[in-house]
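Each chain is listed here by its residues.
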There are 2 protein chains.
Amino acid sequence: MEESWATLGVDLHLETGAEATRSGVRKGLTDALREAVRGGRLAPGTRLPSSRSLAVDLGIARNTVADAYADLVAEGWLTARQGSGTRVAERSVPRPAEPAPRRRAAGGPTYDLMPGTPDLSAFPRAAWLKAARRAMATAPNDALGYGDPRGRVELRTALADYLSRARGVRADPDRIVICAGFAQGLSLLGGVLRARGQREVTVESYGLDVHWDLLKRAGLRTRPLPFDELGTSTAELGAGSGSGSGSGSGFGSAKAVLLTPAHQFPMGVPLHPDRRAAAVDWARREGGLILEDDYDGEFRYDRQPVGALQGLDPDRVVYLGTASKSLAPGLRLGWMVLPEPIAAEVVEAKGGAEWACGALDQLTLAEFITSGAYDRHVRGARLRYRRRRDQLVAALAARAPEVRATGIAAGLHAVLELPPGTERTVIQAASWQRLAVQGLSSFRHPLARPAERDALVVGYGTPADHGWAGALEALCRVLP
Amino acid sequence: MEESWATLGVDLHLETGAEATRSGVRKGLTDALREAVRGGRLAPGTRLPSSRSLAVDLGIARNTVADAYADLVAEGWLTARQGSGTRVAERSVPRPAEPAPRRRAAGGPTYDLMPGTPDLSAFPRAAWLKAARRAMATAPNDALGYGDPRGRVELRTALADYLSRARGVRADPDRIVICAGFAQGLSLLGGVLRARGQREVTVESYGLDVHWDLLKRAGLRTRPLPFDELGTSTAELGAGSGSGSGSGSGFGSAKAVLLTPAHQFPMGVPLHPDRRAAAVDWARREGGLILEDDYDGEFRYDRQPVGALQGLDPDRVVYLGTASKSLAPGLRLGWMVLPEPIAAEVVEAKGGAEWACGALDQLTLAEFITSGAYDRHVRGARLRYRRRRDQLVAALAARAPEVRATGIAAGLHAVLELPPGTERTVIQAASWQRLAVQGLSSFRHPLARPAERDALVVGYGTPADHGWAGALEALCRVLP
């Protein structure tokens, strides 16, 4: 016997008044039945009322019920068999997908001096929107389609000009590849190097473990160069397994080195001029490749910035830049200037479109650069960060004379040398003050030769202007 | 003997008037010297004039020259040795990086009916900008920082609501991962499956070779399911190597199948209700995983859309959606709704930030969805494409009665069945008319069982409104 709808105990809240459209009623009924099956109120195997009887119960057209049943049969919730009517599908009701436990707000720090992020409150929102508006007004329709895996030509052209002007990079738009920040660029390059048969990339003694991990994921070991009083030492680049021809068909079996020549991260010194030359000589002699991480090359406060190493030999250096420090990491926009033939291999690794960045952000950044807004923003940011660095140095002199900021006046972070053996204690004291700050030891490569350097890496670029004074005060309180 | 500057024959165009700042002069001199070395006009080993003598020649301050020399020493262009003065670095001048040959404009087609792209001229530019403005006005600063690898919570929350309402997806924001379009999602999933020890993914007989290639790159073979008069057949999903427990700890050694259940691409039929049920049963029985590619689920013109397969069992189905058809591929925005524990593995594979999408686009899409602009846009697009499909069907009836559009009235493309043996000829004739259109054979999996189907896959969504009539006319001219 067919059960009546009421017996099924399913609530149906259908709008059936004059305003209700037929398709609205049908959708409402379909949704309600689906929920009833999903929630287990209609058990598997349950026979549903005939469409005629349900239509009478609900005061709606029979066809509407029949359509709703058909929808749910098509979706697999119901089955309809000749002679056996419409039933709830004979399958166990899936248990409801439980929401994953929400992460507890960890009670973030009150003062944040972690390095690696610029002052996000200073993102030029209005100027960015203005650029977005202009970009949207002028973008050809096909800019919204599947695009060149290298990225939008407008942005590559704007970057070629900017990088040449501001960083001495020798850039042809055809050899620029836009990527989702430095990390994606490094990851793609790691894949290309691995595909060339390489097993190892030389890195600096100090750096970011996320970068070493990215290379490891690509199947590459990392081996650190020593770091001495002149900074990263290039002497141990040594003789690779390369062709030794120093020219011609590329770095087939050669080694690669990842460097931060303009401003060693985090130690804060530029690569010594002799060592810049030595690195390029090594690359030519051994068929090596230099990966130049120019993460904050725009931010130098003491003098003219050192130009990019890439300018010395665009055939041996991959230049990697990013908007993460100059604008914001959330943009996920970076760029590589690549020698041939590695450009072709990176484009191949990047594939058709799967790793591409959004076209609108690319067009907006292109407009932002060509309109001069980028230069203006960088100039303003340079002043802001320079002032903070000066305040930091002055505060140290006044309040913590045993602590010295080392490295050049540049970038968004400073290394504060601590008395030997005090790094851990200071970090601990900082956490009691709810001050987030990182010790130098967390930036040391696990294979780096032992060196007793106790220091803090202070990201003075991180706080908003209104939070800076408090953060500096908190820092001074915890310094020895 | 020291050469005079004039002897070096280097042109220096320096602004040295009253307005010229010292740093401007220094930069001008540095740039000019760098270019002279780079271009070979100053040969390696050449000794430069003393800073004093050059300063006199140029009528600028001696310190300015000394600073410029120091900059270039730091960059590696010059060397400075006690007693030997300043010289051009002893290294071969790198040959200029030659621009890669520009690709010739290939003389694109006059009429474009290639499937896979929506009408890009209909992208809602003004509404998108409005959403961007609102998103920018309300975004917290930390939205611009390094973010959650799953993507912005605002977008995941908006999608959970939208997908539940529009597609019957059971979505928790915590299990949504934003990705750079479907392709990135599939690529990440491929990596996760491979890491689980899988070697193969079952696919449909018809599909996109770029998808099969993505899986191949991840180390996975693809094996096609048969396609018959009811569409893709699930009978051969068969017994996998899974645990057979049908519940519990996941799909460790099990198989996965990639399906387009709502609208088979490109054949244009929905997965038969019995086969929807069979696929889910298989996944439960064998511990399998269904990858549901819901690329155009919003575009169904004949009746209520079939809900997502994922709603039947969120623990066994990964739902993949994209903005590439509903808005534009250039946004590079897609989303996955994932069962645990695969959600955690995908997040792990996605890594910290390297594959993330731009935060501003994510926030803009979130605002676009929650404000109702997305629904409005989809409704408008549905009307436009429906009208085009109707016009295509009418034109076929009138002008090419031997050709029939198969599949349901949905999506942005139609399959036109051709008389046997005519596919190649028609494609050839189309290219003579400068009409871009694709044959069905290019969508067949290489291992699919032979089937004599001659057909065109016509992307009626591709042209702009003003180009549609001409494209349809060109199509009719080449049909038998």
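Whatever comes next refers back to the structure up there.
Quick caveat: nothing in here was measured; it's all calculated off a predicted structure.

Asks: Describe the pairing of strand 12 (residues 334-337) of chain B, naming the residues involved and giving the relevant values.
Replies: Working note: regular strand, side chains alternate between the two faces of the sheet. Residue and element names in this part refer to chain B. Burial along strand 12 is two-sided: the residues G334 and M336 and W335 and V337 are all buried. The pairing of strand 11 (residues 317-322) with strand 12 spans 4 bridges and is classified as antiparallel. What sits directly across from L320, in strand 12, is M336.

Asks: Let's hear about the sheet that holds strand 16 (residues 438-439) of chain A: which residues, and what values?
Replies: Within a sheet, each strand pairs with its neighbour through backbone hydrogen bonds, oriented either parallel or antiparallel. All names here are of chain A. Pairing within the open sheet is antiparallel, and its 4 strands lie in the order 13-14-17-16. Taken across any chain shown, the strands that pair with only one partner, and hence form the sheet edges, are strand 13 (404-406) and strand 16. Where strand 13 and strand 14 (residues 414-417) come together, 3 bridges link them in antiparallel fashion. Across the sheet, A405 pairs through a bridge with L416, a residue of strand 14. Contacting strand 13 and strand 14, helix 12 (residues 373-399) crosses the sheet at an angle of about 145 degrees to strand 13.

Asks: Tell me about the pattern of salt bridges, residues and numbers included.
Replies: All names here are of chain B. Taken as a whole and assessed by the stated rule, the structure comprises 57 salt bridges over all chains. When the shortest N-O distance is used, the salt bridge between R26 and D67 registers 3.4 Å. With a gap of 41 residues between them, R26 in helix 2 (residues 22-38) and D67 in helix 4 (residues 62-75) connect regions that are remote in the sequence. Overall, D67 belongs to the partly exposed group, its relative accessible area being 22%.

Asks: For the pairing of strand 9 (residues 256-259) of chain A, give the residues involved together with the corresponding values.
Replies: Residue and element names in this part refer to chain A. With burial as the criterion, each face of strand 9 is covered, one bearing A256 and L258 and the other bearing V257 and L259. Pairing of strand 5 (residues 200-204) with strand 9 involves 2 bridges; the strand directions are parallel. Bridge pairing links V201 to A256 in strand 9. Across 4 bridges, the pairing between strand 9 and strand 10 (residues 289-293) is parallel. Across the sheet, the residue bridging to A256 is L289, located in strand 10. Note on the crossover from strand 9 through helix 9 (residues 273-286) to strand 10: the handedness is right-handed.

Asks: Explain the interface of chain A and chain B to me, and be specific about the residues and the numbers.
Replies: Every contact between the two is made by 94 residues of chain A and, on the other side, 95 residues of chain B. Together chain A and chain B conceal approximately 7900 Å² of surface at their shared face, both sides included; 51% is due to carbon and sulfur atoms. The tally of links between chain A and chain B comes to 2 salt bridges. E348(B) serves as the salt-bridge partner of R217(A), at 3.9 Å between the closest nitrogen and oxygen. Inspection of the chain A/chain B interface yields 16 residue pairs in polar contact (both at pLDDT 80 or more). Taken together, the elements giving at least two residues each to the side of chain A that touches chain B come down to helix 2 (22-38), helix 4 (62-75), helix 5 (125-138), helix 7 (181-195), helix 8 (209-217), helix 9, helix 10 (342-350) and helix 11 (359-370) of chain A. If you tally residues by element for the side of chain A that touches chain B, the top one is helix 5 of chain A, at 7 residues.

Rules behind the numbers
- Residues numbered from 1 in each chain as written.
- Chains lettered and ligands numbered in written order.
- Predicted model: local features only at pLDDT ≥ 70, side-chain atom pairs only at ≥ 80, totals over all residues.
- Heavy atoms only, no water.
- Buried < 20%, exposed > 50% of the residue type's maximum accessible area, 1.4 Å probe, protein only.
- Helix = DSSP H or I, 4+ residues; strand = E, 2+ residues; numbered from the N terminus.
- Pairing = 2+ DSSP bridges.
- Contact = heavy atoms within 4.5 Å.
- Axes fitted to C-alpha atoms, helices over the stretch in contact; angles between N-to-C directions.
- Salt bridge = Lys/Arg side-chain N within 4 Å of Asp/Glu carboxyl O.
- Right-handed = clockwise from strand over helix to strand, strands pointing away.
- Buried area = accessible area lost by both parts, 1.4 Å probe.
- Polar contact = N/O pair within 3.5 Å; in protein donor to acceptor, adjacent residues only side chain to side chain.

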